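# Architecture at a glance
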Amino acid sequence: MFKKILLCLGVIIFVSGCKSTLMQPSQEPLSINAPTDKAQMIFMRSAFTGQAIQASVFDVTSGTPEFIGIVSNDTKVAYTVEPGERMFMVVGESADFLKADMLANKTYFSVVSPRMGFWKARFSMHPVRHQGKDGKFTYESKEFKKIDANTSLVVAGDAALSWAKENLGSIKAKLSKYLPAWKEKEEHKQKQATVNKDDHI
């Protein structure tokens, strides 16, 4: 009986949750063109389930989490970075990862999607690919176009940066706990969570 109560509470939290107010609407429109000699990744999220629960995204390429932003439902976050191989982490109840190999002057997209956790939502990041490629999301699909249309660009202000700083210990702990498990996944599962050079829009 107790387990059933906990499960019900988890479902309620998964569906309702607390919406993040830490990010700010961008004053500038999203540019699909990456800055000169840089690569750009757009993280976006729009889903019915777990819609009010925040997902924080980090660049963990160096081994130290670098805060990118909080991707709440119906928002998108743009990240400009040096081209080459990167590793991104999304944090909810647990952590998951997205590997990327990015070209200069190109823009890539990733869809952040929730999945059921014990107390709150867990999240995964999915590469957006072109039609004919193996992937959950494609640029040509109605689903991607709907998510793109339903999401607004947000940026990290002082509140979001303070939150990331205050929670850095917990974030580092999740990186240490979950990245080794991700690296032990079967090769085909890692490829499913990898943005390839030719996946740019």
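Up top is the structure.
An account of the accompanying structure is given in this report. The written sequence of each chain sets the order in which its residues are numbered from 1. Predicted model: local features are reported for residues with pLDDT of at least 70 only, side-chain atom pairs are reported and counted for 80 or more only, and whole-chain, interface and lining totals are derived from all residues. Side-chain metrics in this entry use all non-hydrogen atoms of the structure; hydrogen atoms and water are not considered.

## Re unusual backbone geometry
- Look at aspartate 74: it is not a glycine, yet its phi comes out positive at around 65°.
- Tracing the backbone shows aspartate 74 in the loop between strand 4 (66-70) and strand 5 (75-81).
- A relative accessible area of 32% means that aspartate 74 is categorised as partly exposed.
- With a phi close to 70°, asparagine 105 is a non-glycine residue in the positive phi region.
- Here asparagine 105 is to be found in the loop between strand 7 (95-102) and strand 8 (107-115).
- Under the scheme applied here, a residue whose accessible area is under 20% of the maximum for its type counts as buried, over 50% as exposed, and between as partly exposed, the area being computed with a 1.4 Å probe on protein chains only. Since its relative accessible area comes to 41%, asparagine 105 is described here as partly exposed. Runs of H or I in DSSP of at least four residues are treated as helices and runs of E of at least two as strands, each being numbered from the N terminus.

## A look at the nonpolar core
- Among buried residues, those of type Ala, Val, Leu, Ile, Met, Phe, Trp, Tyr and Cys that are joined through side-chain atoms within 4.5 Å constitute a nonpolar core. Judged by nonpolar contacts, the single largest core of 40 residues is most densely connected at Met41, Phe43, Phe88, Met89 and Phe97.
- Core analysis: the next-biggest nonpolar cluster, separate from the first, contains nine residues, Ile42, Val128, Tyr139 and Phe144 among them.

## Quick look at the sheet that holds strand 3 (residues 56-59)
- For two strands to be treated as a pair, DSSP must find at least two bridges joining them. An order of 4-3-6-7-12 is seen for the five strands of this open sheet, with the pairing classed as mixed. The sheet terminates laterally at strand 4 and strand 12 (194-195), the two strands that pair on one side only.
- Two elements, strand 3 and strand 4, share four bridges in a ladder whose sense is antiparallel. Along strand 4, the bridge assignment pairs valine 57 with glycine 69.
- Together, strand 3 and strand 4 form the strand contacts of helix 3 (residues 158-166), whose direction differs from that of strand 4 by roughly 130°.
- Packed onto the sheet, helix 4 (residues 168-183) meets strand 3, strand 6 (84-91) and strand 7 and runs at close to 70° relative to strand 7. By the convention used here, residues are in contact when the closest approach between their heavy atoms is within 4.5 Å. Orientation is described by axes fitted as lines to C-alpha atoms, over the contacting stretch for helices, and by angles from 0 to 180 degrees between their N-to-C directions.

## Some thoughts on the environment of glutamate 85
- With respect to the helices, strands and loops of the structure, glutamate 85 is situated in strand 6.
- Among the residues examined, glutamate 85 registers a relative accessible area of 54% and is labelled exposed.
- Sequence separation between glutamate 85 and asparagine 196 is 111 residues, and the spatial gap between their C-alpha atoms is 9.5 Å.

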